[in-house]
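Now for the letters of each chain:
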Amino acid sequence: VQTSPMFEAGPAKQAYLQQDLARAAAEAGVTLHWPSRFPLRTLAPLRLILAAQDAGCPRGQLHELIERLFAALWTADGDPESRPLLERCCREAGLD
């Protein structure tokens, strides 16, 4: 079972953290939906980003990959350990 400090906080602190996260997302112009799998296991997406960076991925495409991954996980409630999801994000970012 995964835990998060957010779940260990009291109700008032949890409410504040969620409100603060929503405010920050709104300020950044980002659509944010709380993932059903929270906390997310992000090792696979992080490895993918690092592999793309190590392979010399242009900065613009790397940024696009990160944007696609963020949207897939925090907007569309995608599974961060799903290989098809990671492959789709790569294709959408123009990576092979």
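For the structure itself, consult the block above.
Residues numbered from 1 in each chain as written. Predicted model: local features only at pLDDT ≥ 70, side-chain atom pairs only at ≥ 80, totals over all residues. Heavy atoms only, no water.

### Some remarks on the packing of aromatic side chains
Now for step 1: Evaluation of the coordinates by the stated rule reveals four aromatic pairs.
Now for step 2: Considering the side-chain rings of Trp34 and Phe38, the 4.6 Å spacing of their centres and the 45° angle between planes classify their relative orientation as tilted.
Now for step 3: Given the relative accessible area of 21%, Phe38 is considered partly exposed.
Now for step 4: Plain terms: the ring middles of Phe70 and Trp74 are 6.5 Å apart, the flat faces sit at 20° to each other, and that makes the pair stacked. Remark: Trp74 and Phe70 occur in helix H4 (residues 59–74); sequence separation between them is four residues, near one turn of the helix.
Now for step 5: Aromatic rings pair up to connect Trp34, Phe38, Phe70 and Trp74 into one cluster. (Phe/Tyr/Trp six-rings, centres within 6.5 Å; stacked < 30°, edge-to-face > 60°. Buried < 20%, exposed > 50% of the residue type's maximum accessible area, 1.4 Å probe, protein only. Helix = DSSP H or I, 4+ residues; strand = E, 2+ residues; numbered from the N terminus.)

### Quick look at the nonpolar core
Now for step 1: Ranked by size, the top nonpolar core spans 16 residues in total, and within it Ala52, Leu65, Leu69, Leu85, Cys89 and Leu95 carry the most contacts.
Now for step 2: Those elements that place two or more of their residues in this core are helix H3 (43–54), H4 and helix H5 (83–92).
Now for step 3: Here this core takes six residues from H4, the largest share from any one element.
Now for step 4: Sequence-distant contacts of Leu65, that is, excluding residues within four places in its chain, are made with Leu48, Ile49, Ala52, Cys89, Cys90, Ala93 and Leu95. (Core = buried A, V, L, I, M, F, W, Y, C linked by side-chain atoms within 4.5 Å. Contact = heavy atoms within 4.5 Å.)

### Here we look at H4
Now for step 1: Here H4 contains 16 residues, and its C-alpha end-to-end distance of 22 Å stays within 8% of the 22 Å for a straight helix at 1.5 Å per residue.
Now for step 2: Leu62, Leu65, Leu69, Ala72, Leu73 and Trp74 are the residues of H4 that are buried. Within H4, the buried residues cover an arc of 165° as seen down the axis, which keeps them to one side.
Now for step 3: Packing partners of the buried residues in H4 comprise H3 and H5. (Expected span 1.5 Å × (residues − 1). Arc of directions from axis to C-beta.)

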